[in-house]
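For reference, the chains in residue letters:
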Amino acid sequence: MLKLNENYLKLPGNYLFAEIKNRVNAYKALHPQAEVISLGIGDVTRPLDKKIIDTLHEAVDEMAAAETFKGYGPDQGYRFLIDAILENEYAAKGVALEPDEIFISDGAKCDTGNFQEIFGLDNTIAVTDPVYPVYIDTNAMAGRAGAFENGRWSNVIYMPCTAENNFAPALPKTKADIIYLCSPNNPTGTVMSREELKKWVDYAMENGSVILFDAAYSAYITEDDVPGSIYEIEGAKETAVEFRSYSKKAGFTGTRCAYTVVPKALKARSDNGEWVSLNKLWARRVSTKFNGVSYIIQKGAAAVYTDEGKRQTANTIAYYMENARIIREGLREMGFQVFGGVNAPYIWLKVPGSMTSWQFFDKLLNEVNVVGTPGSGFGPSGEGYFRLTAFGSRENTQKAIRRIQEGLDL
Ligand code: PLP
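Here the structure is a predicted model, which means the values were calculated and not measured.

**Notes on the layout of surface pockets**
Point 1. Its volume calculated, the largest pocket comes out at about 1,300 Å³.
Point 2. Lining the largest pocket are 44 residues, with Phe-17, Tyr-132, Pro-133, Val-134 and Phe-378 positioned closest to its centre.
Point 3. Secondary-structure elements contributing two or more residues to the lining of the largest pocket are α2 (15–30), α5 (108–114), α6 (134–142) and α8 (246–250).
Point 4. Per-element accounting of the lining of the largest pocket gives the leading share, six residues, to α6.
Point 5. Residue-level mapping places the lining of the largest pocket at the junction of two domains, with at least three residues from each of domain 1 (7–46 + 308–407) and domain 2 (53–305).
Point 6. The computed volume of the second largest pocket comes to approximately 680 Å³.
Point 7. Phe-119, Gly-208, Lys-267, Ala-268 and Arg-269 are the residues nearest the centre of the second largest pocket, which is lined by 26 residues in total.
Point 8. For the lining of the second largest pocket, the secondary structure elements donating two or more residues are α7 (194–207), β11 (267–269), β12 (275–277) and α9 (278–289).

If you want it as structure tokens, here you go:
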């Protein structure tokens, strides 16, 4: 008889965004005239920049002639993009990597989700709490997370990140083999300092652990001393995999392009005592299960590194970060405790008084018709917090903050 992967049946529903939609729809049904503004958008809203669009058009035209037509591409990605990444993202920061340490992919979601496949099922995983849910759910699907009880997985180490510890996760008390870190962080918008990252690299070195470092928002870092890559930290090439994406850096959420760095120095010991390169295993996995990102899209991603591309994408990021400033400062003026929004497009606020995240959601929706995301939806330590994002239009962002300032009954 057909057997299911029973691990899938343990997964909780995608409750958070469905519940937000239900509550907004219920409100709109009762108040059809209300103009509800969402500051909960986790997706970019600005169009692709001109240099990228022009390059995409040129690449499409190349497909129309036999001389320039492209079929299957190299498994790990085209060299023109890999070389541009090595030069602009890493060499510029003093980080030397080799072309075969970069894997072009169709998203940091897929790669952060799939990477766990090359590890044994009896590893212990540790995640920061609150967390981007993909890390936990993919381990749960694989059967590594245990049972889901009272909002927690029994085999997952949750590392609370709250205002009390300045959003810097403490080293786990029990040994963690696979550690997920995300900086700049979704949902808290906070970043890990060089010292913090060094602490984790040292921990991984001492314990033979691996760090899966999600840097999908690295392009939003504005402060000089914040590391954009974990490889800026000594020892990271022996302990960490890094995930980057063009989704938020260049508006590729719908276009799809990202990359993962797996240094060849990163090794784990097999059951027979042999040291095995994770790069080799990931390359094997990619060549078996993936046929590459389309040539056209990789050309578009490479255009990000031209002079015009750099200028235009920086302007778009600056647009979002001005929204972040408007939200951050507007709320702070009102006396809210606000975090993030300086090196990330996310603003994480402490909800006033003893309200829960969902109570604050309802208050914001009912009193000023503004929608955000309850922090409790990202993990137990998100309770009492609330996420707002900078991805809306300037007009809506300004309007939403004005409404909160003028209409919210605190
Ligand atoms: N990692 C984090 C922390 C994210 O917030 C997101 C998107 O919201 C992703 C990865 C997904 O990136 P991509 O669009 O490259 O799949």
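Following the structure, the description resumes.
**Some details on the packing of aromatic side chains**
Point 1. Under the criterion given, the structure shown has 28 aromatic pairs.
Point 2. Grouping aromatic residues by their ring pairs yields a cluster made of Tyr-217, Tyr-220, Tyr-319, Tyr-320, Tyr-346 and Phe-391.
Point 3. Over the ring of Tyr-158 we find Arg-152, and its NZ or CZ is 5.2 Å from the ring centre.
Point 4. In this arrangement the basic side chain of Lys-299 is found over the ring face of Phe-80, its NZ or CZ atom lying 4.7 Å from the centre.

What counts and how
- Residues numbered from 1 in each chain as written.
- Predicted model: local features only at pLDDT ≥ 70, side-chain atom pairs only at ≥ 80, totals over all residues.
- Heavy atoms only, no water.
- 1 Å grid on protein atoms, 1.4 Å probe; cavity = no way out; pocket = protein on both sides within 12 Å on 5 of 7 lines; lining within 4 Å.
- Points joined across faces, edges and corners; volume = space filled by probe spheres on them.
- Helix = DSSP H or I, 4+ residues; strand = E, 2+ residues; numbered from the N terminus.
- Domains from an automatic or database assignment.
- Phe/Tyr/Trp six-rings, centres within 6.5 Å; stacked < 30°, edge-to-face > 60°.
- Lys NZ or Arg CZ within 6 Å of the ring centre and 35° of its normal.

What is shown is where atoms sit, not what they do.
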